[in-house]
Amino acid sequence: MPEKIKKIGVFTSGGDAPGMNAAIRSVVRACAYYNIECVGIYRGYEGLMEGDFKPMDARSVRGIINKGGTILKSARSKEFRTKEGRQKAFEKLNEAGVDALVAIGGDGTFTGALVFNEEYGFPVMGIPGTIDNDIVGTSHTLGFDTAQNTVVEAIDKIRDTASSHNRLFFIEVMGRDVGHIALNTGIAGGAEEILIPEEDLGLDRLVDSLNKSRKSGKSSSIVIVAEGDKIGKNIFELKDYVDENMEGYDVRVSVLGHMQRGGSPSCFDRVLASRMGVKAVDSLLEGKSGYMVGLINNAMELTPLDNAIKGKTKINLELLRVSDIMST
Ligand code: F6P
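Remember, predicted model here, so these are calculated numbers, not experimental data. Starting afresh in each chain, residues are numbered from 1 along the sequence in its written order. Owing to the predicted nature of the model, reporting of local features is limited to residues with pLDDT of at least 70; listing and counting of side-chain atom pairs is limited to 80 or more, with chain, interface and lining totals taken over all residues. Side-chain calculation: all heavy atoms of the structure are included, whereas hydrogens and water are not.

Observations regarding the packing of helix α3 (residues 83-96) against helix α4 (residues 107-120)
Okay, so step 1: Two numbers describe how α3 lies on α4: the axes approach to 11 Å, and their chain directions differ by 70 degrees. Comparing the axis directions of α3 and α4 gives the class roughly perpendicular. In this structure, α3 contributes K83, R86, Q87, A89, F90 and L93 to the contact, and α4 contributes V115, F116, E119 and Y120.
Okay, so step 2: Residue polarity is assigned by list, with Asp, Glu, Lys and Arg as charged and Ala, Val, Leu, Ile, Met, Phe, Trp, Tyr, Cys and Pro as nonpolar; anything else, Gly included, falls into the polar class. Taken together, the residues of the contact of α3 with α4 sort by class into 6 nonpolar, 1 polar and 3 charged. Helix axes are fitted to C-alpha atoms over the stretch in contact, other axes to C-alpha atoms as well, and angles between N-to-C directions run from 0 to 180 degrees. Helix and strand definitions follow DSSP, with helices as H or I runs of at least four residues and strands as E runs of at least two, each counted in order from the N terminus. Put simply, angles under 35 degrees are roughly parallel, angles over 145 are roughly antiparallel, angles from 65 to 115 are roughly perpendicular, and the rest are oblique. By definition, residues are in contact when any of their heavy atoms lie within 4.5 Å.

Put into structure tokens, the structure is as follows:
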């Protein structure tokens, strides 16, 4: 580890998330505050191996706090998983005089950062950026709040057409392995049922619940389905199942897809990103490395990258119960 960190590189990697730009801005401005240099690394680990670096000063990040996506671009790299790829990256960082890294992304990003840190003793700090909120060591990842708001807005709009036509809508939201987006937006959007990867609620229960709600006088219904839902049927197969097993339901499917990853970050995500960037730079300058910054009980805390990667976030069972009661 260098005696004193003089130049920090920042990059975004994996799936983009609203708030990543605000985090880049925060890292760059914190470096400027401490009078140390900062370089932006383009296209994640791809740019790291190619030396695609650009010096960034405080003014270079103006006007981006409100922008979705990432000005540094993002990529998923296979080559960085190899020893040769990481050696290339190490050489490029040395040539550019970069002596610490801030990696903004999800568990794939952190896995790469941790291996690099262990192999070369290179100082790294992670900032969790993914709409899925599937990282241990923070109550909120960057982009989660904004994505939820985007989904709720979409559900509200779909509800208008669902109730006008007395239809049942299956709405698919992101969450390959976790149901955080589905669970929260399902409650906020008044969904009848919420299907998530963590719990198999079963097809019988789904049919029962839809029958019950129709008997109780509901003319339209919304079911939120996380893309990795445990029932094991994709959203189109769910529609077919209901078509075949229930009479009188006019069913439609809506897959929200990548629109959930875009858009201007919410106030919450902008503030969180600003706090996380400052904490990441502060921690590196204090000589810490191999950690992720996170929000725990409204304070900025560090979690070893290893724990952040290996841990599995838990869904809040209370939310499942609330959702159940709300669909009465
Ligand atoms: O950012 C995480 C995530 O949104 C997952 O929920 C989803 O499965 C995945 O990204 C899709 O990513 P991509 O289209 O970039 O492969």
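On we go from here.
Quick word on the sheet that holds strand β5 (residues 124-128)
Okay, so step 1: Between any two strands, pairing holds if DSSP finds at least two bridges. Spatially, β3-β2-β1-β4-β5-β10-β11 is the arrangement adopted by the 7 strands of the open sheet, whose pairing is mixed. The open sheet has two edge strands with one neighbour each: β3 (53-55) and β11 (299-304). On average, each strand axis in the sheet is tilted by 30 degrees relative to the strand beside it, whichever way the strands run.
Okay, so step 2: In terms of strand pairing, β5 meets strand β10 (residues 291-296) through 2 bridges, oriented parallel. Looking at the pairing, G126 lines up with M292 of β10.
Okay, so step 3: Contacts from α4 reach β1 (7-12), β4 (100-105), β5 and β10, with the element oriented near 160 degrees to β4.

Side note on unusual backbone geometry
Okay, so step 1: In this model, N35 sits at a positive phi of 60 degrees, which is unusual for a non-glycine residue.
Okay, so step 2: Inspection of the secondary structure assignment puts N35 in the loop between α1 (20-33) and β2 (37-41).

Comments concerning the sheet that holds strand β7 (residues 193-195)
Okay, so step 1: In spatial order, the strands read β7-β8-β6-β9; together these 4 strands make up an open sheet with parallel pairing. The open sheet has two edge strands, β7 and β9 (250-255), and neither has a second partner. Taking each pair of neighbouring strands and ignoring which way they run, the sheet shows an average axis angle of 20 degrees.
Okay, so step 2: On the sheet, helix α6 (residues 180-188) packs against β6 (167-173), β7 and β8 (221-226) and is oriented at approximately 170 degrees with respect to β7.
Okay, so step 3: Against the sheet, helix α7 (residues 203-215) touches β6, β7 and β8, its axis set at about 160 degrees to β8.

A short note on the site of the ligand
Okay, so step 1: Looking at the ligand, the residues that line it are R76, I131, D132, M174, G175, R176, E227, H258 and R261.
Okay, so step 2: Here a polar contact means two N or O atoms within 3.5 Å. Within protein one must be a hydrogen donor candidate and the other an acceptor candidate, and residues neighboring in sequence count only if both atoms are side-chain atoms. The side chain of E227 places a nitrogen or oxygen atom 2.6 Å from an oxygen atom of the ligand.
Okay, so step 3: Here the accessible surface of atoms and residues is derived via Shrake-Rupley with a 1.4 Å probe, and residues count as covered only by protein chains that are part of the display. Protein contacts shield 79% of the accessible area of the ligand, which totals 400 Å² for the unbound molecule.
Okay, so step 4: Class assignment of the residues belonging to the shell around the ligand gives a composition of 2 nonpolar, 2 polar and 5 charged.
Okay, so step 5: Looking at which domains feed residues into the shell around the ligand, each of domain 1 (7-143 + 265-310) and domain 2 (147-261) supplies at least three. Any residue with at least one heavy atom within 4 Å of a molecule or strand is counted as near it. Residue ranges assigned to each domain were obtained from an automatic or database domain assignment.

Description of the pairing of β1
Remark: a regular strand shows side chains that alternate across the two faces of the sheet.
Okay, so step 1: Burial of β1 is extensive: 6 of the 6 residues sit out of reach of the surface.
Okay, so step 2: Three exposure classes are used, based on accessible area relative to the maximum for each residue type with a 1.4 Å probe and protein chains only: buried under 20%, partly exposed in between, and exposed over 50%. Of the two faces of β1, the one carrying K7, G9 and F11 and the one carrying I8, V10 and T12 are both buried.
Okay, so step 3: The pairing of β1 with β2 spans 5 bridges and is parallel. Its bridge partner lying in β2, V10 is registered against G40.
Okay, so step 4: For the handedness criterion, the β-α-β arrangement of β1, α1 and β2 is classed as right-handed.
Okay, so step 5: Taken together, the 5 bridges between β1 and β4 define a ladder with parallel strand orientation. If you follow I8 over to β4, its bridge partner there is A100. With the strands pointing away from the viewer, any crossover whose connection runs clockwise from the first strand over the helix to the second is right-handed.

Let's talk about the domain arrangement of the chain
Okay, so step 1: You can read the domains of the chain as domain 1 (7-143 + 265-310) and domain 2 (147-261).
Okay, so step 2: A straight line from the C-alpha centre of domain 1 to that of domain 2 covers 35 Å.
Okay, so step 3: Listed by partner, the interface residues are 10 residues for domain 1 and 9 residues for domain 2.
Okay, so step 4: Around 820 Å² of area is buried between domain 1 and domain 2 when both sides are counted, 50% of it from carbon and sulfur atoms.
Okay, so step 5: Any carboxyl oxygen of Asp or Glu that lies within 4 Å of a side-chain nitrogen of Lys or Arg is treated as forming a salt bridge with it. Applying the counting rule to domain 1 against domain 2 returns 1 salt bridge.
Okay, so step 6: One salt bridge connects R261 with D16, and the closest N-O pair in it is separated by 2.8 Å.
Okay, so step 7: For the pair domain 1 and domain 2, the number of links is 2 residue pairs in polar contact (both at pLDDT 80 or more). Here the quantity called buried area is the accessible surface, traced with a 1.4 Å probe, that two parts lose on coming together, added over both.

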